[in-house]
Amino acid sequence: MFNEKDQLAVNTIRALSIEQIERANSGHPGLPLGAAPMAYALWSDHLQVNPLVSDWMNRDRFVLSAGHGSAMLYSLLHLSGFDVSIEDLKDFRQLKSKTPGHPEYRHTDGVEATTGPLGQGIAQAVGMAMAEAHLAALYNREGYPVIDHYTYTLVGDGDLMEGISYEACSFAGRQKLGKLIVLYDSNNISLDGDLDQAFGEDIQQRFESQNWHYQRVEDGNDLAAIAQAISQAKAIKDQPSMIEVKTIIGYGSPQQGTSKVHGAPIGQEAWDHTKTNYQYSLGAFEVAPEAQEQFDTRVSQRGQQAYQEWKALFDRYQADYPEQAQELERAFANELPAGYDQGITFQDETAKAEASRSSSGRAINALASAIPYFWGGSADLSGSNKTMIKDDQDFMPTTRQGRNIWFGVREFAMAAMMNGAALHGGNRIYGGTFFVFSDYLKAAIRLSALSKLPVTYVLTHDSVAVGEDGPTHEPIEHLAAFRAMPNLNVIRPADANETMVAWKLAVESQETPSLLALSRQNLPVLANSQSLVEEGVRKGAYIISPAKQEASGLLIATGSEVALAIEAQSLLSQEGVDVAVVSMPCQELFDQQSKDYQESILPRGINHRMSIEMGASFGWHKYVGLEGVTYAIDRFGQSGPGQVVVEDFGFTASQIAQAYLKAFA
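The protein has the name Transketolase in an unreviewed UniProt entry, where Facklamia languida CCUG 37842 is given as its organism. Under the UniProt heading Function (unreviewed entry), the note attached to the protein is "Catalyzes the transfer of a two-carbon ketol group from a ketose donor to an aldose acceptor, via a covalent intermediate with the cofactor thiamine pyrophosphate." In its Catalytic activity (unreviewed entry) section, UniProt records this for the protein: "D-sedoheptulose 7-phosphate + D-glyceraldehyde 3-phosphate = aldehydo-D-ribose 5-phosphate + D-xylulose 5-phosphate".

Below you can see the structure in the form of structure tokens.
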């Protein structure tokens, strides 16, 4: 199966990787030297990708969860024919190069996921496998397996130590995701030293207890054994597969088998010594024709042939199932059906007050009826988050078409798996939990934003109005923290109508994730919002209640506090103070508007400004100015009946009005 040319190809991967690192004087040589054989066995014998059509919907997905080994991934991409040149390799870790320090999705051709924060790669791979199974159930027809591929990920010890890996692998085992295959670079070394200083688990017992199929390859340089293990894993249909490959970190180098070769260049002298051990004599960034031929035939040409066979299959599928084919293409293009929002309706102020989490639940079901590839779930809080799609099935091993995902109490993994599903493409996904638990999933939300993935986070119970559950469950600093994150729309709607537009923005988004901060307590439908929200929410802020004459001040509020601000406006009017009320559901969108629009909402000539929000004051000074005041909560919450807690913190119309008068008397 494998011969001397294959060994030359393996050593070429190693050489290009080390030469990148040496040229940059920065990087991680240990993984490429140790793991290159398993990567080659996978890419040359199993992975189906087409470098000429790198976004082919039915390609296999490969996620380098151990993202610090990026030099190896870039070498594989270059040799396989992706748009990564030798010059790109020479620019490894340089400013604005195609080959950054850790893999970045949308930045480098062929990179399937942004990785580097350990553990998130394997969780994203679980999300990809989940999406593959779901889309196959939705769109495949007898004789037409148009969605039928594998998800592979290469992980290291650090990935498996991270708590998110337990969450994600538990989910994958429960869901019997048989097309998920993990290659574990098991080398007994972590960055600080010997692995057994910190990690001593029996990997076989761990994964078998989570309903995974387990294999072990004793020699990480045995290409045939690795390829055979992958073949066996592919034959297992009802379990994800863990293949533990015993390797030597920094294999062949003078410091092999030690932590010293993990994260620093080995130096030219050591590299010369290593090349001698490999019997490899080519110069820097040279590729032997025999090695290139292996990649051309075993990766690129094989992948192109697989693509052409699939394309012929899809052409027949289009002829026999035109509606499904069009829908599938639309889903992968991240487009919405025409009239997707027809079920989204607005209400006037006579409508019954309801929590924005309940309004969100109505929006979810309206969208689900129009968007077949819209799905999601909750971290065991669907009843509270209102995330269940009614009259639909659960996503389970026997009902893969189901659109209700039971993520379980796995908040961090939920967010990362959502990222994986979005990276896979062909679906619009959302996930819910309590807003305060966003702390658990923040690192994955950060990767959503960095990767430009338009996923939607449904985060309910957004303030101290949570009440009885107390300070552990009452978010304070969370709005400010997420507003500081680039490329994330934090939307806190004030009523049912604003919530509807928030959801429209979320599903229309192409490159920005959305965080919906939703209330537990009922919110009245605001006067005039029915006619104002479509434009107002899209622009991030708008005047929901104008002054009677000429405004002398502004009350700027979000969420449930907008109704309070309007009540305070009425009380201030009785005192002869005429103010306007601004609803600002999304600071990020408001900041993107023209200066003229911003001036129309927050005129420079009005210095008497008060922000009103049941959360930290941090960030509000940008809008109230040096002469304005923030009406906020800059300490942790407390336990008690929700309305009593709210009043104790001073969030009543009369207290707000008095605070305004005191500030601007």
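Enquirer: Quick question: what am I supposed to make of empty space enclosed by the protein here?
Expert: A probe matching the size of a water molecule, rolled over the atoms, marks out where space remains unfilled. Counted under the stated rule, the structure contains 2 cavities of 30 Å³ or more. By volume, the largest cavity amounts to about 60 Å³. In terms of lining residues, the largest cavity is bounded by Trp-43, Leu-47, Val-49, Ser-54, Arg-59, Phe-62, Leu-73, Leu-77, Phe-82, Gly-110 and Glu-112. Classifying every residue of the lining of the largest cavity gives 7 nonpolar, 2 polar and 2 charged. Approximately 30 Å³ is the volume found for the second largest cavity. What lines the second largest cavity is Phe-62, Val-63, Leu-64, Leu-73, Pro-103, Val-111, Glu-112, Ala-113 and Thr-115. Examining the composition of the lining of the second largest cavity, we find that 3 residues originate from one element, strand β1 (residues 61-64), more than from any other. Within the lining of the second largest cavity, the residues separate by chemical class into 7 nonpolar, 1 polar and 1 charged.

Enquirer: Can you help me understand the side chain of Arg-483 in this one?
Expert: As for its position among the elements, Arg-483 is in helix α17 (residues 478-483). Looking at Arg-483, its side chain comes within polar contact range of the side chain of Glu-613, at 2.8 Å.

Enquirer: I'm lost on the layout of surface pockets in this one. Help?
Expert: Here the largest pocket defines a volume of roughly 600 Å³. Lining of the largest pocket is provided by 31 residues; of these, Tyr-105, Phe-332, Ala-422, Leu-423 and Gly-425 occupy positions nearest its centre. Secondary-structure elements contributing two or more residues to the lining of the largest pocket are α12 (322-332), α15 (411-424) and β11 (428-434). Of the residues contributing to the lining of the largest pocket, the split by class is 12 nonpolar, 10 polar and 9 charged. Counting only domains with at least three residues in the lining of the largest pocket, you end up with domain 1 (4-306) and domain 2 (356-517).

Enquirer: I keep staring at the pairing of β11 and nothing clicks. Help me out?
Expert: Each regular strand shows side chains that alternate between the opposite faces of the sheet. Most of β11 sits out of view: 7 of its 7 residues are buried. Sheet topology places strand β9 (residues 374-378) next to β11; 5 bridges connect them, and they run parallel. From the neighbouring strand, Gly-377 faces β11, where its bridge partner is Gly-431. Pairing between β11 and strand β12 (residues 456-460): 5 bridges, direction parallel. Its bridge partner being in β12, Phe-434 is matched across the sheet by Thr-460.

Enquirer: Before we go on, may I ask you to explain the packing of aromatic side chains in this structure?
Expert: What describes a pair of aromatic rings is the distance from one ring centre to the other and the angle between the planes of the rings. Throughout the structure, instances matching the rule amount to 28 aromatic pairs. By the ring-pair criterion, three or more aromatic residues cluster together here, those being Trp-56, Tyr-144, Tyr-307, Trp-310, Phe-314, Tyr-317 and Tyr-321. Positioned over the ring face of Tyr-321 is Arg-141, at 5.8 Å from the centre of the ring. Directly above the ring of Tyr-150 sits Lys-234, whose terminal nitrogen or CZ lies 5.4 Å from the centroid.

Enquirer: Where do I start with the pairing of strand β17 (residues 553-557) in this structure?
Expert: Judged by how many residues are buried, β17 sits mostly within the fold: 5 of 5 residues are covered. Burial along β17 is two-sided: Gly-553, Leu-555 and Ala-557 and Leu-554 and Ile-556, pointing in opposite directions, are all buried. Alignment of β17 against strand β18 (residues 579-583), held across 5 bridges, turns out to be parallel. Each bridged residue has a counterpart across the sheet, and for Ile-556 the counterpart in β18 is Val-582. Between the parallel pair β17 and β18, the chain is carried across by helix α20 (residues 561-574), and the sense of this crossover is right-handed. Sheet topology note: the β17/strand β19 (residues 609-612) ladder contains 4 bridges and is parallel. Across the sheet, the residue bridging to Leu-555 is Met-610, located in β19.

Reading guide: rules and limits
- Residues numbered from 1 in each chain as written.
- Predicted model: local features only at pLDDT ≥ 70, side-chain atom pairs only at ≥ 80, totals over all residues.
- Heavy atoms only, no water.
- UniProt positions renumbered as here; feature names shortened; annotations may be inferred.
- 1 Å grid on protein atoms, 1.4 Å probe; cavity = no way out; pocket = protein on both sides within 12 Å on 5 of 7 lines; lining within 4 Å.
- Points joined across faces, edges and corners; volume = space filled by probe spheres on them.
- Nonpolar A, V, L, I, M, F, W, Y, C, P; charged D, E, K, R; others polar.
- Helix = DSSP H or I, 4+ residues; strand = E, 2+ residues; numbered from the N terminus.
- Polar contact = N/O pair within 3.5 Å; in protein donor to acceptor, adjacent residues only side chain to side chain.
- Domains from an automatic or database assignment.
- Buried < 20%, exposed > 50% of the residue type's maximum accessible area, 1.4 Å probe, protein only.
- Pairing = 2+ DSSP bridges.
- Phe/Tyr/Trp six-rings, centres within 6.5 Å; stacked < 30°, edge-to-face > 60°.
- Lys NZ or Arg CZ within 6 Å of the ring centre and 35° of its normal.
- Right-handed = clockwise from strand over helix to strand, strands pointing away.

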